[in-house]
Amino acid sequence: MTSFHFGSRQRRLFGYYEPALANSSRVRAVLLCHPIDNEQVFAYRTMRQLAARLVRVGFHVLRFDYFGTGDSYGDTGEGDFASWCEDIETAIEELKDISGATTVNLAGLRLGANLSARVAAHRPKEISKLILWEPLAAEELSASGFGCPAPQTDRNPRLIGSDIVEGFARGALPSKAALLPPSTLVLLTTKPPSPTEFGSLAVEYVADASAWIEERLDTGSIPTGTLQRIVDWLQ
Amino acid sequence: MTVGFSELAVHFGRSASLVGILTRPSSELPIRRPAVVILNTGIAHRTGHHRMYVKMARALASLGHLVFRFDFSGIGDSVSRGDDLNPIEAHQADLAEALDWLATSCDVNEAVLIGLCAGAEIALRYGHSDKRVAGLVLLDPTIPPTARFYAHYIGGRITQLRSWWSFVSGRGRIFEELSERARMAFGAAAPQPVSAADHRIRNELEQLYLKSLDRNLKVLIVLTGGPLDGRQSYREQLFDAFPNVPLRDRVSLEYFREADHTFTSERERARLQELVLGWITAFPTSRDPSPISGSDAERKAFGERPGRDGASL
């Protein structure tokens with residue numbers, strides 16, 4: 001495993017790469033796309049566990065932080081949706097370069113799901129499979145701070161009004177289905193979707209812990225059922 | 001990109017299983033003592049809540065300090081140790097390995113530990129035992145309840161209907177605590193005294209503070225007074241809780257009345273950062289203060305870099 005910085009000199013990103021531990025007839029790779037803010041902090045253990053499970057069955061895995069988040073360079077207020085999508089594209093190239101894969105799978109959690117969907121729609125030939133785990137609704141995307149009152153965050157105000165709010169929020173995903181990879185799965189863990197909510201997109205509900213929320217009673221618990229479903233579906 | 005720092009991802013420790021981020025001053029800045037080591041808050045990884053530690057580390061590095069944020073074994077990206085140490089022992093061993101790495105790679109022999117909540121307790125447990133530790137910044141460390149705390153706590157809860165219902169129905173912490181104290185006061189036998197654990201923790205913490213002061217560690221303690229959640233409720237609770245320790249004269253104490261436990265408010269985080277930066281830059285260094293240049297330090301620390309801008313395991 002390797003922790004490192006990558007990307008341009010102006011936009012250094014932190015990444016954590018784990019090579020496949022199991023042999024596979026072809027090179028398979030997964031890029032994990034985090035949520036942001038404290039959702040990223042709370043979900044970090046879960047994403048690490050997901051990576052560990054994926055490498056055990058033969059995937060090369062890269063986790064990374066968007067610019068202005070986590071351990072990547074940049075102040076917290078410097079990030080915005082469009083540039084974070086560019087970060088995902090940079091990470092895809094990095095993962096392909098390290099692993100030798102020609103295509104990659106994307107798995108995004110919360111905001112990471114919305115961003116992954118947008119990138120996948122722009123690079124359909126390079127994305128084998130796409131998992132959208134609990135993508136954010138438009139009203140959540142528009143909020144200036146997830147879980148925090150606006151005055152208590154140093155979030156970039158430019159986030160509000162981004163085209164991603166309109167285009168790749170949870171409610172808009174069915175209209176984008178044709179742009180997404182044929183193998184796209186929407187995965188929900190908090191409550192089942194309404195029957196028509198995601199149109200032709202495949203959607204599954206797994207009742208499980210919300211990895212991105214810190215609850216006193218289950219802090220640090222890992223949604224193992226969800227992780228196993230992701231691993232099984234990607235294989 | 002014009003920044004006053006650079007960062008390096010590091011694998012270190014007994015089997016290179018621990019992961020940390022070293023934040024270094026830019027090469028034109030002289031390196032100032034002390035170095036700073038920032039510890040995990042509970043199970044949150046090394047960035048801290050609201051990315052608080054990333055921002056603090058970069059601000060300190062821009063002033064000339066080396067800063068190391070790392071994950072204890074089993075937290076964040078660090079792998080569990082796989083030995084038979086209990087969690088407290090494992091944290092102490094991890095911290096020793098972090099300071100060993102800083103000493104051998106960066107020539108650091110004087111460091112301040114910063115920790116919040118559980119991180120503060122780990123810093124307090126470890127600091128007195130290692131001569132390389134020169135100071136502690138303890139953010140919301142555990143402080144045992146006092147009589148005045150109970151008065152504040154009850155006063156704050158008394159208007160809440162739910163608390164009344166819990167009290168009347170015999171549930172809740174306050175009911176249990178008051179019942180226990182009543183039993184003790186009237187000499188009734190308490191088969192499982194609630195206060196036994198409190199006494200043990202209080203005594204243990206008292207000893208740790210005494211050892212820290214005996215070693216002449218510089219100590220900054222920051223307490224938050226946000227929403228009532230059973231921690232401290234007033235500034236002097238620290239002194240009242242440990243009457244046998246001369247903390248009043250020997251530590252710097254700040255009380256952030258409006259801040260919650262993880263400093264959710266950006267304004268309170270900014271206040272905290274300003275306080276910590278001021279305290280560390282004013283830190284009295286006991287050793288040769290002659291600075292070493294950033295580039296010299298880098299050469300000593302890293303020699304040949306790996307092909308990628310990081311470290312491999």
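Residues numbered from 1 in each chain as written. Chains lettered and ligands numbered in written order. Predicted model: local features only at pLDDT ≥ 70, side-chain atom pairs only at ≥ 80, totals over all residues.

Colleague: Is there a simple way to think about the packing of helix α2 (residues 87–106) of chain B against helix α3 (residues 118–127) of chain B in this case?
Modeller: Residue and element names in this part refer to chain B. Two elements in contact, α2 and α3, have axes separated by 10 Å at closest approach and are oriented at 70°. Relative to α3, α2 is oriented roughly perpendicular. Two secondary-structure elements touch here, α2 through Ile88, His91, Gln92 and Leu95 and α3 through Ile122, Arg125 and Tyr126. Of the residues contributing to the contact of α2 with α3, the split by class is four nonpolar, two polar and one charged. (Axes fitted to C-alpha atoms, helices over the stretch in contact; angles between N-to-C directions. Helix = DSSP H or I, 4+ residues; strand = E, 2+ residues; numbered from the N terminus. Parallel < 35°, antiparallel > 145°, perpendicular 65-115°, else oblique. Contact = placed C-beta atoms within 7 Å. Nonpolar A, V, L, I, M, F, W, Y, C, P; charged D, E, K, R; others polar.)

Colleague: It is not clear to me how the environment of Arg148 of chain B should be interpreted in this structure. Could you clarify?
Modeller: With respect to the helices and strands, Arg148 of chain B occurs in helix α4 (residues 147–157). Spatially, the C-alpha atoms of Arg148 of chain B and Gly127 of chain B are 30 Å apart, while their sequence positions differ by 21 residues.

Colleague: I'm lost on the sheet that holds strand β3 (residues 32–38) of chain B in this one. Help?
Modeller: The strands making up a sheet are joined through hydrogen bonds of the backbone, oriented either antiparallel or parallel. Residue and element names in this part refer to chain B. Strand order in this open sheet of eight strands is β1-β2-β4-β3-β5-β6-β7-β8, and the pairing throughout is mixed. Two strands bound the open sheet, and with one partner strand each, they are β1 (5–12) and β8 (252–256). The average angle at which neighbouring strand axes cross in this sheet is 20°, direction not considered. One ladder, built from six bridges, connects strand β5 (residues 111–116) with strand β6 (residues 133–139); its direction is parallel. What sits directly across from Leu113, in β6, is Leu136. Against the sheet, helix α10 (residues 266–281) contacts β3, β4 (65–70), β5, β6, β7 (218–224) and β8, and its axis sits at roughly 170° relative to β8. (Pairing = 2+ DSSP bridges.)

Colleague: Is there a simple way to think about the pairing of strand β6 (residues 127–133) of chain A in this case?
Modeller: Along any regular strand the residues' side chains alternate between the sheet's two faces. All names here are of chain A. Most of β6 is tucked away, with six of its seven residues classed as buried. Pairing of strand β5 (residues 104–109) with β6 involves five bridges; the strand directions are parallel. For Leu109, the partnering residue across the bridge sits in β6 and is Trp133. Once you follow β5 into helix α3 (residues 111–122) and on to β6, the crossover reads as right-handed. Pairing of β6 with strand β7 (residues 184–188) involves four bridges; the strand directions are parallel. For Leu130, the partnering residue across the bridge sits in β7 and is Thr184. (Buried ≥ 20, exposed ≤ 12 C-beta atoms within 10 Å, placed from the backbone. Right-handed = clockwise from strand over helix to strand, strands pointing away.)

Colleague: Just checking my understanding: could you explain α3 of chain B for this structure?
Modeller: Of all 10 residues in α3 of chain B, nine are buried, a share of seventy percent or more. Taken residue by residue, α3 of chain B has Ala118, Gly119, Ala120, Glu121, Ile122, Ala123, Leu124, Tyr126 and Gly127 of chain B as its buried positions.

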